[in-house]
Protein chains: 2
Amino acid sequence: MFLEKIKSPADVKALDIEGLKSLVAEMRATLIKKLSQTGGHTAPNLGFVETTVALHYVFDSPKDKIVYDVSHQSYSHKMLTGRAEAYLNPEKYWSITGYTEPKESEHDHFMVGHTSTSVSLAMGLATARDLLKEKGNVIAVIGDGSLSGGEAFEGLDNAGEYARNFIVVVNDNEMSIAENHGGLYKSLAELRATEGKSPNNYFRSLGFDYQYVADGNNVEALIAAFKSVKDSEHPVVIHVHTKKGKGLPWAEENPEGWHWAAPFNPETGVINWGSGESYGEILGQYLLQKIKSDSKVVVIHSAVPAAIGFHAGRRKEAGKQFIDVGIAEEHAVALASGLAKGGAKPIYTTHSTFIQRTYDQLSQDLCANNNPATLLITAAGADGMNDTTHLCIFDIPLLSNIPNLIYLCPTCVEELKCITDWAIEQTEHPVAIRVPNSVLHRTDVFDKEYGNQNVFKVEHRGSRVALLGLGDFYQRAVVAALELKKYGIDATLVNPRYASGVDVALLANLVADHDVIVTLENGVVAGGFGEKVAAACGANGMKVLVRGLAKEFYDKVPFNELCEKNRLTPQQIAEDVLQLLG
Amino acid sequence: MFLEKIKSPADVKALDIEGLKSLVAEMRATLIKKLSQTGGHTAPNLGFVETTVALHYVFDSPKDKIVYDVSHQSYSHKMLTGRAEAYLNPEKYWSITGYTEPKESEHDHFMVGHTSTSVSLAMGLATARDLLKEKGNVIAVIGDGSLSGGEAFEGLDNAGEYARNFIVVVNDNEMSIAENHGGLYKSLAELRATEGKSPNNYFRSLGFDYQYVADGNNVEALIAAFKSVKDSEHPVVIHVHTKKGKGLPWAEENPEGWHWAAPFNPETGVINWGSGESYGEILGQYLLQKIKSDSKVVVIHSAVPAAIGFHAGRRKEAGKQFIDVGIAEEHAVALASGLAKGGAKPIYTTHSTFIQRTYDQLSQDLCANNNPATLLITAAGADGMNDTTHLCIFDIPLLSNIPNLIYLCPTCVEELKCITDWAIEQTEHPVAIRVPNSVLHRTDVFDKEYGNQNVFKVEHRGSRVALLGLGDFYQRAVVAALELKKYGIDATLVNPRYASGVDVALLANLVADHDVIVTLENGVVAGGFGEKVAAACGANGMKVLVRGLAKEFYDKVPFNELCEKNRLTPQQIAEDVLQLLG
């Protein structure tokens, strides 16, 4: 066994070629065994084992600095930099994160989780190296899918004129999460077909020297390529053609399905996805139906189509009315604005954490032009993404403070559909809708009329205490009201619906027979909904308790724990209300 | 005279070549006369007259749709689409905006002012055209400078695989606002040098057909090129080489200085810039001094270096410690994070309206990694940019709700320097600093100690009313306090300094002998500073009056009018406080 003895990259360098090949085989087997039990980014890591071994064989990390894009392909890197135990020993499986993490190792330079950032971050390291007159190579690793993001282009464009050492390793596995989209991918295919000789070379057009490695799962070829550019004094791209999912037949055949996989049976290739309906799956059904019934409807997505139930079958059925723009969220928003201006009915769907990439496009391209596009934003939830880099808790401040944009938060499945129907057909404003990402809630208790902007819906009129539960936290308000009932308080229950404005008339009306207003929102309170309510009540003497998440980069905190920490359980809410009532 | 008779593009089509040439000469003379009196984007428009005439001669606007990037080069377009009077008649000079504006004309499809958006917006129109089975060409116009923005790449990459009509006109005047930066510009230069024959062709690498027009100020050559691609059924780039500033010798020689020019003397070329120091000029002096005294300091800018006083002379003096990344704000932020991680002391400076382009990079690349970069954000002000597309009023909600980021708002010149000194040297957090953009204020009344996060500075302790004036609105609080004094109220005066947090202890302390807190901020209140104060006071019974700008896309509203409209004059503040006190 080689892997057990790898305590640092120095131990990789001590091996001969046969040893390296054995190491690669062990690493791949170890990955499959571990991932079959824990789940994780499966196909991307299986394809990148040889490249990682070759990088650490040739370069001298951490003096030479390797920066991984998204860093969802960094499992092999972690194995070779003192963290093999976390893959070999089931008891240590959860001791490391799924992305690079500077707190874990001096070989990890950034916490990364979004795409298309590695070149820019690495350029910072290279520029600092040269300002500080230090030595060493800087290597940015980036996948072909990530090249579709604008930040990657900006980084490459700037790196292409850098007159010092800078190496970019392009891991071309012919895939984004789903298939690639964009004209660039035609020319990458030409480069693969011509062994790098095609004249249409994106990297050369940005000023890079260029080298192609046809078999990116051949460790000898990779070592030769990396050796040839080590210590080079100009920017160079090594274009490595790898096999996504290599070594796991089902993943090789269906890399999209295996990009991120839940635990699976390594003998049969059956992934245990769990069961039950999800908001994503319901949205997929719903949107496909809209597409079929109206040729003007067009659904836009940015490279994560499965998140809204657009697996390959539905994509095919939708035809030209489904557009995957690649990992190009900025383009997606501007495209939606143009489509709406041109008379179509565009719906852009993405996660809260990725809509962050589009603030200026939302503000300038969409909202300043007030074009009636619909945005479906998948929010945080019990089963939501909770890595620091994938938190879905910042969208309320981001979206609700842009003029002209209506941000609606449905409380249940039927309300989600009803609001989306309204948003698609109205022509007054851009409308964003927050899609819950928790257990499905179905109810018929909601208003079916929209357009009367910022009118909150009072579902039950009580007195003394009013609970305003935004979106999927409306149910939390309902349960908190039951708690308060135990103390003889008949609380008013409000479904605010609008995160982007406040029902000033209702708040004024509540003053007469209420002492406390509580706002509940499933996201950071800073800049969010409750603060708006507090400000609107600021001069009228009403006590307002603003409840949501404190502004913080939480790291894998389970949802229930997060709620408890922020005094968001119905019991805690009731306790705090009782204390305020005195 | 031809121009007077041009009421629509149909009148352009009726001219013969000699007529078109005369029209071009008249348009250029008209532009020079008008701009010498009103100021405006001078050099970009002078270079683009012939291309605009040729576009309207060949294509049939508005059935064929032309989308301009930034749209600061659209003056000729406006002249030819029914708005010539606004350029010919001095009384009508101010009847139109400086950018495309759908409210003005059916020939304008979007309100635009930021760069790099035209391809994506136009792709939306093209896709809608095809979904709705309509006819017509869609043409995106984009300058070479704008190509450096990631959104433009995302749009081009997606357009490059579009199997229907889509035309991109690249206006290559060899300049961004200042010189171009990036490897792409080497290959554009090669294309110019080889009349389009160089193999390193960025556009072809993204899937476009390609054609080069060597003399982009020759209307016949342009007409021939446009005719050859009209109604084409695949994506094509027409690369047009134009002369920025053409026809005005001083602008041809110094296109950076003439990109946007104040009114000037058309006989002597002397621009009337006005006089007096500005925060930008002071920053330029200050930053250059920092650079000279510390080799680790590096100033990053994204294509508007003059805004912080980095004219060509200072850029030269700064050497490698000044980096202009082009119009690549996303890269700038990630680069700053990498530089800080690598041990340098990066300072990224930009306007509030442009930091909008970097939310995700701020959150993920910088703040999740908690790297100690410094950001200098130029805010709204009396002399600030007030076009809808250039409002500098949304940065407080944008920046102050991101974890780990400290957002400080100095009140005067000395405090700005003092805070910046502290920010550059500390190593705990990323720090953003809001640079006032109003008349200079100099005072010695501020605390020189930082690091005690979210501790507000009480400058004067009175009673009953506390005025919290953030940043350059501290002076407004001072004057409002003088107003209140007339009514016997000795108001407490607070310089909050921190926009990103609240001094909870101070607020609790004020409850004892205060009835009203007033917050003042120079930006939208939605998601901003005052709402945080209101929420923090929500449960303690203090009345809080939150004052700032209502969430709205204001269009060229003079600053004093804006303040009055939002009840922000010291007199209005005093009136409202008195009413609350009862």
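Higher on the page you've got the structure.
From a predicted model like this one, the values you see are computed outputs, not experimental measurements.

Calculation rules
Residues numbered from 1 in each chain as written. Chains lettered and ligands numbered in written order. Predicted model: local features only at pLDDT ≥ 70, side-chain atom pairs only at ≥ 80, totals over all residues. Heavy atoms only, no water. Least-squares fit on C-alpha atoms with pLDDT ≥ 70 in both. Helix = DSSP H or I, 4+ residues; strand = E, 2+ residues; numbered from the N terminus. Buried < 20%, exposed > 50% of the residue type's maximum accessible area, 1.4 Å probe, protein only. Arc of directions from axis to C-beta. Contact = heavy atoms within 4.5 Å. Polar contact = N/O pair within 3.5 Å; in protein donor to acceptor, adjacent residues only side chain to side chain. Axes fitted to C-alpha atoms, helices over the stretch in contact; angles between N-to-C directions. Parallel < 35°, antiparallel > 145°, perpendicular 65-115°, else oblique. Left-handed = near helix turned anticlockwise from the far one by under 90°. Phe/Tyr/Trp six-rings, centres within 6.5 Å; stacked < 30°, edge-to-face > 60°. Lys NZ or Arg CZ within 6 Å of the ring centre and 35° of its normal.

Draft legend 1. Structural context of the relation of the copies chain A and chain B. Each copy of the sequence occupies a distinct position, and chain A is placed on chain B by a rotation of 180 degrees and an axial shift of 0.0 Å, giving an RMSD of 0.0 Å. Read as a symmetry element, the transformation amounts to a two-fold axis.

Draft legend 2. Representation of unusual backbone geometry. Between Ser61(A) and Pro62(A) the backbone carries a cis peptide bond, its omega angle lying at 10 degrees. With respect to the helices and strands, Pro62(A) occurs in the loop between helix H4 (49–58) and strand S2 (65–68). Phi is positive for Val70(A), which is not a glycine, with a value near 60 degrees. When its relative accessible area of 9% is taken as the criterion, Val70(A) is described as buried. Unusually for a residue other than glycine, Ala303(B) sits at a positive phi of about 80 degrees. Tracing the sequence through the fold places Ala303(B) in the loop between strand S10 (297–301) and helix H14 (312–318). Ala303(B) gets classed as buried once you look at its relative accessible area, which sits at 3%.

Draft legend 3. How the structure looks around helix H11 (residues 219–229) of chain A. All names here are of chain A. Of the residues making up H11, those classed as buried are Val-219, Leu-222, Ile-223, Ala-225, Phe-226 and Val-229. Taken down its axis, H11 places every buried residue within 165 degrees of arc, on the same side. Each element contacted by the buried residues of H11 is listed here: helix H2 (17–38), H4, strand S4 (166–172), strand S5 (209–213) and strand S6 (235–241). Between the side-chain oxygen at the start of H11 and the backbone nitrogen of Glu-220 there is a gap of 2.9 Å, and the oxygen is on Asn-218.

Draft legend 4. Examining the packing of H4(A) against H11(A) more closely. All names here are of chain A. Contact geometry for H4 and H11: axes closest at 9 Å, N-to-C directions at 40 degrees. Relative to H11, the element H4 lies oblique. In terms of crossing hand, the pair formed by H4 and H11 is right-handed. Across the interface between the two elements, Glu-50, Thr-51, Val-53, Ala-54, Leu-55, Tyr-57 and Val-58 of H4 pack against Val-219, Leu-222, Ile-223, Phe-226 and Lys-227 of H11.

Draft legend 5. Just the packing of aromatic side chains, in detail. Under the criterion given, the structure shown has 25 aromatic pairs over all chains. Residues Phe153(A) and Tyr202(B) carry aromatic rings whose centres are separated by 5.7 Å and whose planes lie at 35 degrees to one another, so their mutual orientation is tilted. In this pair, Phe153(A) is assigned in helix H8 (residues 150–159) and Tyr202(B) in helix H10 (residues 202–205), connecting two distinct chains. With respect to class, Phe153(A) is no different from Tyr202(B); both count as buried. Geometry around Phe473(B) places Arg476(B) over its ring, the cationic atom sitting 4.6 Å from the centre.

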